[in-house]
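This is what each chain is made of:
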Amino acid sequence: MSAPASRFLQRLDEAVAAAGSAVEADCFRAEQACFLARQGHFDDARTLLDDLHARYDTRLIIDTSIWINLAEGMMGLYSGDAAVALDRYRRAHALSVAGNIKPLRALSSAWLAHMALNRRDIVALTLYLTEALSLRQGEHHSTQSRMSLVTGHSLHIAGRPDLAAPWYAASHKHASMEHDEAT
């Protein structure tokens, strides 16, 4: 990859190497693609995604399918195609609900809340943020960080920067815990 050195990517490289299965390693690779897309390294993210599509388009492995959809959502969102992003996040969410994979359901809910905030869709924002809050797990820093950021930004927009500040701090804390420079 030509992307700059990153502690987050290094951590995921280590996770890929230590993975107990090819599927687990490929989920970490898709998470790398998510990060690369959020950093604007679309070519590197696309290379990873093309490789994953080549392996998984003909067979459904739910975990990898969810991560691939999340990464495709990041590609859409950060390249300016909100419609693609929303579609892919909805797919990731639907798969995580169908597979009862709570950590990925919480993560996809947090990104759907992010999209709802961007559209100023308060009903969807409330629904997805509530879902992310109810399913979050302390060690899943990506979910905690995104959910906290969306909550903080929502409160800020509502004219309550005093209530937003602790949520921004929580977002920063969780992003720092996993060395997520993009967040």
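Bear in mind that the values here come from a model prediction, so they are computed numbers and not experimental data. (Residues numbered from 1 in each chain as written. Predicted model: local features only at pLDDT ≥ 70, side-chain atom pairs only at ≥ 80, totals over all residues. Heavy atoms only, no water.)

Asks: Tell me about the overall build of the protein, and please be specific about residues and values.
Replies: Assigned secondary structure in the protein consists of 9 helices and 0 strands. Scanning the protein from its N terminus toward the C terminus, one meets helices and strands in the order α-α-α-α-α-α-α-α-α. Against the compact-globule benchmark of 16 Å for 183 residues, the protein has a radius of gyration of 16 Å, which places it among compact chains. Taking all 183 residues of the protein together, the buried fraction comes to 47%. A separation of at least 24 residues holds for 57% of the contacts in the protein among residues at least 6 apart in sequence. Surface exposure of the protein reaches about 8,700 Å², of which carbon and sulfur atoms provide 56%. Charge-centre separation for the protein: the mean point of 18 positive side chains lies 6 Å from the mean point of 21 negative side chains. (Helix = DSSP H or I, 4+ residues; strand = E, 2+ residues; numbered from the N terminus. Rg over C-alpha atoms; globule rule 2.2 N^0.38 Å. Buried < 20%, exposed > 50% of the residue type's maximum accessible area, 1.4 Å probe, protein only. Contact = heavy atoms within 4.5 Å. Areas by Shrake-Rupley, 256 points an atom, 1.4 Å probe, with all protein chains shown as cover. Lys, Arg positive; Asp, Glu negative; His and termini not counted. Charge placed at Lys NZ, Arg CZ, Asp CG, Glu CD.)

Asks: Please give an account of the packing of helix α1 (residues 7-18) against helix α2 (residues 22-38) that cites residues and values.
Replies: Where α1 contacts α2, the two axes come as close as 8 Å, and the packing angle between them is 165°. Relative to α2, the element α1 lies roughly antiparallel. Crossing of α1 against α2: the hand is left-handed. Seen from α1, the contacting residues are Phe-8, Leu-9, Arg-11, Leu-12, Asp-13, Ala-15 and Val-16; seen from α2, they are Ala-25, Phe-28, Arg-29, Glu-31, Gln-32, Phe-35 and Leu-36. Here the residues of the contact of α1 with α2 sort into 9 nonpolar, 1 polar and 4 charged. (Axes fitted to C-alpha atoms, helices over the stretch in contact; angles between N-to-C directions. Parallel < 35°, antiparallel > 145°, perpendicular 65-115°, else oblique. Left-handed = near helix turned anticlockwise from the far one by under 90°. Nonpolar A, V, L, I, M, F, W, Y, C, P; charged D, E, K, R; others polar.)

Asks: Give me the lowdown on the environment of Gly-73, citing residues and values where you can.
Replies: Along the chain, Gly-73 turns up in helix α4 (residues 62-78). According to the relative accessible area criterion, Gly-73 is buried, its value standing at 0%. Through-space distance from the C-alpha of Gly-73 to that of Ala-37 is 9.1 Å; in sequence the pair is 36 residues apart. The residues touching Gly-73, leaving out its near neighbours within four places in the chain, are Ala-85, Arg-88 and Tyr-89.

Asks: Can you lay out the pattern of salt bridges for me, pointing to particular residues and giving the numbers?
Replies: Opposite charge on two side chains permits them to pair, given that their charged atoms come into close proximity. Per the stated rule, a full pass over the model turns up 10 salt bridges. In this structure, Asp-26 engages Arg-29 in a salt bridge whose closest nitrogen and oxygen atoms are separated by 2.6 Å. Separated by 3 residues within a single helix, Asp-26 and Arg-29 lie in helix α2, roughly one turn from each other. Under the relative-accessibility criterion, Asp-26 is labelled buried at 2%. Between Arg-55 and Asp-26 there is a salt bridge, with the nearest N and O atoms lying 2.7 Å from each other. Placement of Arg-55 in helix α3 (residues 42-56) and of Asp-26 in helix α2 is noted, with a sequence separation of 29 residues between them. (Salt bridge = Lys/Arg side-chain N within 4 Å of Asp/Glu carboxyl O.)

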